[in-house]
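Architecture at a glance
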Amino acid sequence: MKQFISFVKKEFYHIFRDWRSLMLLIGIPITQILILGFAVTDEIKNSEIAILDNAQDAASQNLEGRFRASKYFHIVKMLHTPDEIDREFRKGKIKIAVVFPKGLREDLMHGNKAQIEIVADASDPNMATVISGYASAIILDYQQEIISDNLPYFITTKIRMLYNPELKGAYNFVPGLMGLILMLICAMMTAVAIVREKELGTMEVLLVSPIKPYMIVIAKALPYTLLSLINTTIILLLSVYALKVPIAGSVVLLLLESLLFIIASLSLGLMISTIAKTQQAAMMMSIVGLMVPTTMLSGYIYPIENMPLILQWASHIIPAKWYINIVKAVMIKGLGFQSVIKENLILLGFIVLLIWGSVQRFKIRLE
Amino acid sequence: MPELVLEIDKLTKQFEDFVAADAVTFTVSKGEIFGFLGANGAGKTTVMRMLCGLSMPTSGSAKVAGFDIYNQTEEIKKHIGYMSQKFCLYEDLTVKENITLYGGIYGLSSAHIKEKMEKLLKELSLTEDANKLVRGLPLGWKQKLAFSIAIFHEPKIVFLDEPTGGVDPITRRQFWEMIYETSRKGITVFATTHYMDEAEYCNRVAIMVDGKIEAMDSPDGLKKTYNGKTMDEVFYVVARKAKRQAD
Amino acid sequence: MATIVVEHISKSYTNDKKTQIGISDLSFTVNKGEIFGLIGPDGAGKTTLIRILTTLLLADSGTASVDGNDVVKDYKAIRNNIGYMPGRFSLYQDLSVEENLNFFATAFKTTVEENYELIKDIYVQIEPFKTRRAGKLSGGMKQKLALCCALVHKPSVLFLDEPTTGVDAISRREFWDMLKRLKTQGITILVSTPYMDEANLCDRIALIQGGKILVIDSPEEIKHNYKHALWAIKTEDMFKSLIDLRTFNSTLSCFSFGDVHHLSVKDNITTKEDILNFLKEKGHTEIDVQPISANIEDCFMELMTKTNTSNTLVNA
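Please read these numbers as outputs of a predicted model, since none were measured by experiment.

Each helix and strand in chain C was counted, giving 10 helices and 14 strands. Summarising its shape, the C-alpha atoms of chain C cover approximately 70 × 45 × 40 Å along the three principal directions. Scored against the burial criterion, the 316 residues of chain C give a buried share of 57%. Pairs at least 24 residues apart make up 69% of the contacts formed inside chain C by residues separated by at least 6 positions. By element, 48% of the accessible surface of chain C is carried by carbon and sulfur atoms, the whole surface being about 12,700 Å².

This is the structure in structure tokens:
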């Protein structure tokens, strides 16, 4: 045990003495989150809006006034026919269009029910989500007021997303980023750290000592596990406070699931370290073999549902995909453990397979 | 007065906390074999780097092959050859490709390279292996080839940084015989080594201790001054004065 | 009693689809408490042999044991009991002197204090720098630290792979003094080196070249067994006399050795006068010819030419 502790201590020395890499490891997720966060909050003001007022009554006038007064919107055009909506979007003049139905006031007074349509350009999904959210808020505000002085009127907003009906976006970014960052730190850093000992020649001395090979590996993995958990926490804090993406489900469950994925990534890194002979090779294998497929196939950037069938199958062997699913379920949808059992089992399967493979390949001797 | 290939006057290099080379002064003539000795960290490499135009001195002056090391480093690089134990040749290129590459780097015409290459391959009896990868050659052959390539462009002076480390005793001697021939052609040889018997092969030897030149003379002169039978004993007496331990 | 037993060990490498012999059919024993030197140039197979004995490589054929433990079957027992210093500097450059030493002590389930007596002589020399990072030490210092780390668990056998390569003459001398002191503590030492002059400091040596052992014996015996008459020759123009002497009728070989040439002759009837006359005829001046006895390098070169291994392709 003392052997093990001194080994872990040594690993921490390595990490803390290479403070540039450490800064990079912690800096990457923070900058990623902040870039996204600022991009979203910056452009949200004065979004160009067009209104198609089919009602032309008191209610629609009132709502139009509210949009005009809002600092988030800037009415660039009043439309007259539904065809114009599409035209304006194509010209790129507007980011959002609001359609008041015929007889809005009538519906509100007599049917107690009215439907207002919000059309958003979802080619930038993050923006579309946020803007339509603001638009809905203005309408709901109006609804609150008329509820208070009259009967329970009810307006429903129907949001129609153009160009990206799946709406992969802001809420997707956080789970995707978590998957990517954890993969980067755990797999790549573990692989590089183990291969560095081979390159330095220190592995030779360690092998000739009574230290058990599994101890070498666990001691290497431990600091990176801790670092990854810290990173997960940073990402979560930033996404809640900077990106305003709330954690709907249990935080504890989310952290435990992250730990599971961290272990899966570590075993991937371990596998790489048994193959690579130089640090550069380990780095390249991690980037080409892990980062690229993870970015492309995990659903982080491109929706898996829209991919060719063969790539959809390929995406099944990307551990990050399953983790991203878990994070979406727990963090965004607020679901419990029961709903992610399948994903958990798959990740567990990856871990068992990878560790078994690495143990088979781990050399107790030199080549 | 023979032509001077190296003229070094009070050359000094100061790093933040210590003086790596301290007012180093000496001259080396055309065709001379000059041995440059010193313990690890005595400042040999620092001086050699400055002379090759790889690092700027803090103060002092030096001329290499008649060019000033402050503002004519590009000229210097054209007129010197360099070979070190660590970096010699591209292992994944053939013998011919290595020669052609270096000839090309120094701006020799292809016809000239071809003609010289034939001659060189014959001298080294490498004609049959000319199209083999350098990786497959025995270490001794690699060293000889590396040296030949370092003087391929007929430089005024060639710097050799521990050229014979780890080589078998016969090859080591053949290597020095090549050095002799080179110096007879008028190329000055400036060499560092850890083999003290090799110091005997030099016309003159300088021993660096703690950044300064502590002793400089012909091997016989040094042996007389320090009352030693071999250069090994001389080196021991001189270099033991070192106070500096770490690099 | 033999501490290390090597029997018919062979190991070959494949490089560019060509099989190259690393070492072939080596056999020897090292006795308890002796300093055994593997002497030969780079690529002779020294590192391969040491790695097989330290259980890091598997031989293609043959058997070997250290302290009675088989290098294949009992590799764990061997790893617990030996000290190993690989050829390149293999300590953690970003850890301090102290941290490196403590780390290797715990790796071998011991403490620095427990075996301090053994490393004391060496450690006091680097103690003033104990908080310095290992990467910032000079060559000689690094080597001392590496030796401390290899000794910290009080091994019964010490394997040193080219500990003095690239180290200056003074540090080399100090290093061998340390080895001699370790020997008095009863530690068996197997050391490899490309420096022929270090052979004299070993109890017994194996001269190896091209993966084969040229000879195994004590340095004195090896020198004693040099068969030919040997002369040390000095002239005014050393380079010319070297070339000229090679054309001398009785010459077997002629090489420079520092400030003299060593001339070995084929027969025992060539006299000093013959050599003097030959050189005078060639126009040499300030001639000095002295009979000498062979040193290890003479022996190595003679054995090398005899077995003609100098130009075979070997794995470097």
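Back to the text.
Accessible area lost during the coming together of the parts is what is often quoted as the interface size. Contacts between chain A and chain C engage 26 residues on the former and 32 residues on the latter. Of all residues in chain A, the largest losses of buried area upon contact with chain C belong to Arg 17, Val 208 and Arg 365 of chain A, amounting jointly to 26% of the total for that side. Where Arg 17 of chain A meets Glu 99 of chain C, a salt bridge forms, and the shortest distance between an N and an O atom there is 2.7 Å. Linking chain A with chain C are 11 residue pairs in polar contact (both at pLDDT 80 or more). Contributions of two or more residues to the side of chain A that touches chain C are made by helix H1 (2-17), helix H7 (170-200) and helix H8 (202-208) of chain A.

All names here are of chain B. Ordered by their spatial adjacency, 4 strands build an open sheet running S2-S1-S4-S5, and the pairing between neighbours is antiparallel. The open sheet is flanked by strand S2 (19-29) and strand S5 (67-68), the only strands paired with a single partner. In the sheet, strand S1 (residues 4-14) pairs with S2 via 7 bridges, with the strands oriented antiparallel. Within S2, the residue paired with Leu 4 across the bridge is Ser 29. Taken strand by strand, helix H1 (residues 44-51) contacts S1, S2 and strand S4 (59-64), and its axis lies near 120° from that of S1.

Below, the discussion takes up the nonpolar core. All names here are of chain C. Grouped together as the largest cluster of nonpolar side chains are 105 residues, with contacts concentrated most on Leu 147, Phe 159 and Leu 190. Among the elements that line this core, the one with the most residues is helix H5 (residues 139-151), at 8 residues. Aside from chain neighbours lying at most four places away, what touches Leu 190 is Ile 4, Phe 28, Val 30, Phe 36, Leu 38, Ile 50, Leu 53, Leu 158, Phe 159 and Leu 160.

Our focus in this paragraph is the pairing of strand S10 (residues 212-217) of chain B. Residue and element names in this part refer to chain B. Summarising the sheet, strand S9 (residues 204-209) and S10 pair through 5 bridges and their orientation is antiparallel. By the bridge assignment for S10, Val 209 is matched with Lys 212. Once S9 ends, the chain turns through 2 residues before running back antiparallel as S10, passing Asp 210 with a positive phi of about 50°.

Residue and element names in this part refer to chain A. For strand S3 (residues 96-100), a buried count of 5 out of 5 residues is recorded, marking the element as mostly surrounded by other parts of the structure. Alternating residues of S3 divide into Ile 96, Val 98 and Phe 100 and Ala 97 and Val 99, and every residue in both groups is buried. Relative to strand S4 (residues 113-121), S3 is paired through 4 bridges, and the arrangement is antiparallel. Across the sheet, the residue bridging to Val 98 is Ile 118, located in S4.

We now examine the interface of chain C and chain B. Taken residue by residue, the interface counts 40 residues in chain C and 38 residues in chain B. At the boundary of chain C with chain B, total buried surface from both sides reaches about 3,500 Å², with 58% on carbon and sulfur atoms. There are 6 salt bridges connecting chain C and chain B. Its salt-bridge partner being Arg 184 of chain B, residue Asp 237 of chain C comes within 2.9 Å of it at the nearest N-O pair. Taken together, the connections running from chain C to chain B amount to 11 residue pairs in polar contact (both at pLDDT 80 or more). With 5 residues, the single largest contributor to the side of chain C that touches chain B is helix H10 (residues 296-307) of chain C. Grouping the constituent residues of the side of chain C that touches chain B by class yields 18 nonpolar, 10 polar and 12 charged.

With that settled, the discussion passes to the layout of surface pockets. Residue and element names in this part refer to chain C. Approximately 1,100 Å³ is the volume attributed to the second largest pocket. With 6 residues, the top contributor of residues to the lining of the second largest pocket is helix H6 (residues 169-184). Each residue belonging to the lining of the second largest pocket can be placed in one class, and the counts come to 18 nonpolar, 8 polar and 18 charged. Taken domain by domain, the makeup of the lining of the second largest pocket includes at least three residues from each of domain 1 (2-218) and domain 2 (227-292).

This next bit is on the environment of Glu 32 of chain B. Residues and elements named next belong to chain B. Here Glu 32 shows up in the loop between S2 and strand S3 (33-38). Glu 32 sits 140 residues away from Arg 172 along the chain, and the two C-alpha atoms are 20 Å apart. Setting aside its immediate chain neighbours within four residues, Glu 32 contacts Thr 188, Val 189, Asn 203 and Arg 204. Within the structure, the side chain of Glu 32 is placed 2.6 Å from the side chain of Arg 204, a separation counted as a polar contact.

This part takes up the sheet that holds S10 of chain B. Residue and element names in this part refer to chain B. Here we have 6 strands laid out as an open sheet, ordered S6-S7-S8-S3-S9-S10, and mixed in their pairing. Each edge of the open sheet is held by one strand with a lone partner, namely strand S6 (80-84) and S10. Pairs of neighbouring strands in the sheet enclose a mean axial angle of 15°, with direction left out of account. Relative to strand S8 (residues 188-192), S3 runs parallel, the two sharing 3 bridges. By the bridge assignment for S8, Gly 35 is matched with Ala 191. Helix H5 (residues 139-150) rests against S6 and strand S7 (157-161) of the sheet, and its axis sits at about 160° to S6. Packed onto the sheet, helix H6 (residues 169-184) meets S3, S6, S7 and S8 and runs at close to 130° relative to S3.

Moving on: the confidence of the model for chain B. Per-residue pLDDT for chain B averages 89, and the proportion of residues at 70 or more is 97%. In the model of chain B, helix H2 (residues 73-79) of chain B stands out as the element of lowest mean pLDDT, 87, in contrast to S8 of chain B, which has the highest, 95.

About the criteria used
Residues numbered from 1 in each chain as written. Chains lettered and ligands numbered in written order. Predicted model: local features only at pLDDT ≥ 70, side-chain atom pairs only at ≥ 80, totals over all residues. Heavy atoms only, no water. Helix = DSSP H or I, 4+ residues; strand = E, 2+ residues; numbered from the N terminus. Buried < 20%, exposed > 50% of the residue type's maximum accessible area, 1.4 Å probe, protein only. Contact = heavy atoms within 4.5 Å. Areas by Shrake-Rupley, 256 points an atom, 1.4 Å probe, with all protein chains shown as cover. Buried area = accessible area lost by both parts, 1.4 Å probe. Salt bridge = Lys/Arg side-chain N within 4 Å of Asp/Glu carboxyl O. Polar contact = N/O pair within 3.5 Å; in protein donor to acceptor, adjacent residues only side chain to side chain. Pairing = 2+ DSSP bridges. Axes fitted to C-alpha atoms, helices over the stretch in contact; angles between N-to-C directions. Core = buried A, V, L, I, M, F, W, Y, C linked by side-chain atoms within 4.5 Å. Nonpolar A, V, L, I, M, F, W, Y, C, P; charged D, E, K, R; others polar. 1 Å grid on protein atoms, 1.4 Å probe; cavity = no way out; pocket = protein on both sides within 12 Å on 5 of 7 lines; lining within 4 Å. Points joined across faces, edges and corners; volume = space filled by probe spheres on them. Domains from an automatic or database assignment. pLDDT = per-residue confidence, 0-100.

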